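One-letter residues, chain by chain:
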Amino acid sequence: MHYLMFMERMLRQSYIEEPVRFLFSGTDRIVRRAVLQDIVKRCREKGEPLYIVDDTDSPSRDDYSVLESMGYRIKNGLSGKYCLFDPFRINSMTGTRRLRQLLEVFGYDEMRKAKLLAYFRFLQYLETLGGNTGSEVLSAEMLSEYGTYMAVEEKIQGLLDAGVINARQQISLISKYSEYSAAAADFEDILLLLLPFIRGEDIYASAAPDSAFLIPLGKLGRDEAVRKAVLELLQAGMEERGSEEAAVLVFDRGYGNRKSVSDFLESLPENMDVHVLSEDIFTLCNDSGRAGVLNRFTARVYSRHVDMDSCGKVEKEFGVIDVVHKTYTESYDRRLRANSPFDILFGKNKTDIYGYAAPREEPRYRKEMIARLEPGSGIISFMGQSSSFNV
């Protein structure tokens, strides 16, 4: 039975419209492609633009060809042309929270966060004095105008010359900047690192139903700070624009440190249409964090796994069943009179006993069986039921 037939049967029996979020884990390329085709087809029918987080070292042309065959146009979201999110919108509690989360990625403690936020408020105040009605929103360009002490001094001197402030206020503003200058200097290096991701065309405003924005996370190497920052910006942008109108597709390489990816999956809104295709989802995070990731997916598809420990985790996920085994014993009569040639010839010297042993619990799918799954075959878990299948 194909896994789609199994899912349709379960949906008919339940009379409940269950949201379908796919998780595929395994090394079988045949099953992976079938699941990817179904994911992309569903997203295309719903008119959802796709945001693809590709955390593989060598992107699969086969995966991208599936997207293109369904009518999606792939755009590189890290090309420098698109803005994932502007983190300097700190005119609200939500904006402040997002900026604080981004600063935490780069190791800022609470004291440094407070000083930097105070510095941004100070710049906003200067812009307000200068007549900038959009001063409630900072920008990378605005921050660059205050990059040096001389530039800030010239800004304040301009306010004095225009009669906006007096000499006493000028001294007060310069003194205030001196208090924040250390925070400004530290942040300048981070700003240069973020610039390729925070300026350019709004990636969400240009998201047509046939758009597939690719975030090639694997191209960033093992720099966890940059990887986390990119995913933090992407998640904030999707939260800002609304999560009901788009879908997230994650390609996971299945090995190495991927904490940035697991944190990203856990932070996505509950109603987000998210799907994951992984070589081995069980190596994504530790046992305590794995439930938080797996519980996001209503349809979990597993094919052959290389690591036997991961096969054991798949076995454990599907639980156990009661199995009754038949028993058979032979009882021989060793007395001489019962072992005449005639009795031996016709089996009259023994008694056959057939029976059933008491039920005992055994794995529904043994890990040895999971490790030897044939190409094109797998196991699916959906709505509390499971089935093996062939595509």
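Up top is the structure these notes are about.
Residues numbered from 1 in each chain as written. Predicted model: local features only at pLDDT ≥ 70, side-chain atom pairs only at ≥ 80, totals over all residues. Heavy atoms only, no water.

Brief notes about helix H9 (residues 224-241)
Rules: By definition, any uninterrupted DSSP run of H or I lasting at least four residues is a helix, any uninterrupted run of E lasting at least two residues is a strand, and each is numbered from the N terminus. The span expected for a helix works out to 1.5 Å for each residue beyond the first. A simple rule labels every residue: compare its accessible area, found with a 1.4 Å probe on the protein chains alone, to the largest value its type can have, and call it buried under 20%, exposed over 50%, or partly exposed in between.
For H9, spanning 18 residues, the distance from its first C-alpha to its last is 26 Å, which sits close to the expected 26 Å at 1.5 Å a residue. If you check which residues of H9 are buried, you get Glu224, Val226, Arg227, Ala229, Val230, Leu231, Leu233, Leu234, Gln235, Ala236, Gly237 and Met238.

Here's the deal with the sheet that holds strand S1 (residues 22-25)
The line we're drawing: A pair of strands counts as paired when DSSP detects no fewer than two bridges linking them. Helix axes use the C-alpha atoms of the stretch in contact, all axes being lines fitted to C-alpha atoms, and the angles between their N-to-C directions lie in the range 0 to 180 degrees. When checking whether two residues touch, look at their non-hydrogen atoms; a contact exists if any pair is within 4.5 Å.
The nine strands lie next to each other as S3-S6-S2-S7-S8-S1-S9-S14-S15, forming an open sheet whose pairing is mixed. Every interior strand has two partners, whereas the edge strands, strand S3 (73-76) and strand S15 (385-390), have only one. Sheet twist, expressed as the average angle between the axes of neighbouring strands with direction ignored, equals 20°. With six bridges connecting them, strand S14 (residues 377-382) and S15 associate as antiparallel partners. Across the sheet, residue Ser377 finds its bridge partner in S15, namely Asn390. Running over the sheet, helix H1 (residues 3-14) touches S1, strand S9 (299-302), S14 and S15 and is turned about 20° from S14.

Looking at the environment of Ser288
Its place among the elements puts Ser288 in helix H11 (residues 287-294). On the basis of relative accessible area, Ser288 is assigned to the exposed category, the value being 65%. Expressed as a C-alpha distance, the spacing of Ser288 and Thr27, which sit 261 residues apart in the sequence, is 24 Å.

Thoughts on the packing of aromatic side chains
Keep this limit in mind: Two aromatic rings from Phe, Tyr or Trp, using only the six-membered ring of Trp, form a pair when their centres are within 6.5 Å; if the ring planes differ by under 30 degrees the pair is stacked, by over 60 it is edge-to-face, and anything between is tilted. Sitting over a ring, as applied to charges here, requires NZ of Lys or CZ of Arg to be within 6 Å of the ring centre and within 35 degrees of the ring normal.
Counted by the stated rule, this structure contains 17 aromatic pairs. Among the aromatic residues, those joined into a cluster by ring pairs are Phe88, Tyr119, Phe120, Phe122, Tyr149, Tyr177, Tyr180 and Phe187. Here the guanidinium or amino end of Arg44 rests over the ring plane of Tyr72, the centre of that ring lying 5.3 Å away. When the ring centre of Tyr255 is taken as origin, the NZ or CZ atom of Arg253, which lies over that ring, is 5.6 Å away.

Here we look at the packing of helix H5 (residues 110-129) against helix H8 (residues 167-198)
Put simply, the test is: Angles below 35 degrees are treated as roughly parallel, those above 145 as roughly antiparallel, those between 65 and 115 as roughly perpendicular, and all remaining angles as oblique. By convention, the crossing between two helices is left-handed when the near helix turns anticlockwise from the far helix through less than a right angle, and right-handed when the turn is clockwise. The classification used treats Ala, Val, Leu, Ile, Met, Phe, Trp, Tyr, Cys and Pro as nonpolar, Asp, Glu, Lys and Arg as charged, and all other residues, Gly among them, as polar.
Close contact between H5 and H8 brings their axes to 9 Å; oriented N to C, the two are set at 125°. In terms of orientation, H5 and H8 fall into the oblique class. In terms of crossing hand, the pair formed by H5 and H8 is left-handed. Facing H5, whose interface residues are Arg112, Lys115, Leu116, Ala118, Tyr119, Phe120, Phe122, Tyr125, Leu126 and Leu129, H8 presents Leu173, Lys176, Tyr177, Tyr180, Ala183, Ala184, Asp186 and Phe187. Taken together, the residues of the contact of H5 with H8 sort by class into 14 nonpolar, no polar and four charged.

A closer look at the pattern of salt bridges
Basically, it comes down to this: In what follows, salt bridge is the name for a side-chain nitrogen of Lys or Arg lying within 4 Å of a carboxyl oxygen of Asp or Glu.
Here the structure, examined in full by the defined rule, presents 27 salt bridges. Across the pair Asp63 and Arg32 runs a salt bridge, and its minimum N-O distance is 2.8 Å. Linking Asp63 in helix H3 (residues 61-69) with Arg32 in helix H2 (residues 29-45), this pair joins segments that are 31 residues apart in sequence. For the pair formed by Asp63 and Arg32, the shared burial category is buried. Between Arg97 and Glu239 there is a salt bridge, with its nearest N and O atoms 3.0 Å apart. One end of the pair, Arg97, is in helix H4 (residues 93-105); the other, Glu239, is in helix H9, and 142 residues separate them in sequence.

Concerning the pairing of strand S7 (residues 247-252)
What counts, and what does not: Clockwise travel from the first strand over the helix to the second, with the strands pointing away from the viewer, marks a crossover as right-handed.
Here S7 lies mainly inside the structure; six of its six residues are buried. Along S7, one buried face is formed by Ala247, Leu249 and Phe251 and the opposite face, lined by Val248, Val250 and Asp252, is buried too. Two elements, strand S2 (residues 50-55) and S7, share six bridges in a ladder whose sense is parallel. When the bridges of S7 are listed, Ile52 appears paired with Leu249. Sheet analysis places S7 next to strand S8 (residues 273-278), joined by six bridges and oriented parallel. Each bridged residue has a counterpart across the sheet, and for Ala247 the counterpart in S8 is Asp273. Between the parallel pair S7 and S8, the chain is carried across by helix H10 (residues 259-267), and the sense of this crossover is right-handed.

Re the side chain of Ser381
Secondary-structure assignment places Ser381 in strand S14. By relative accessible area, Ser381 is classed as buried at 18%.

Considerations on unusual backbone geometry
Of note, Met383 is a non-glycine position whose phi angle comes to about 55°, a positive value. Relative to the helices and strands, Met383 resides in the loop between S14 and S15. According to the relative accessible area criterion, Met383 is partly exposed, its value standing at 26%.

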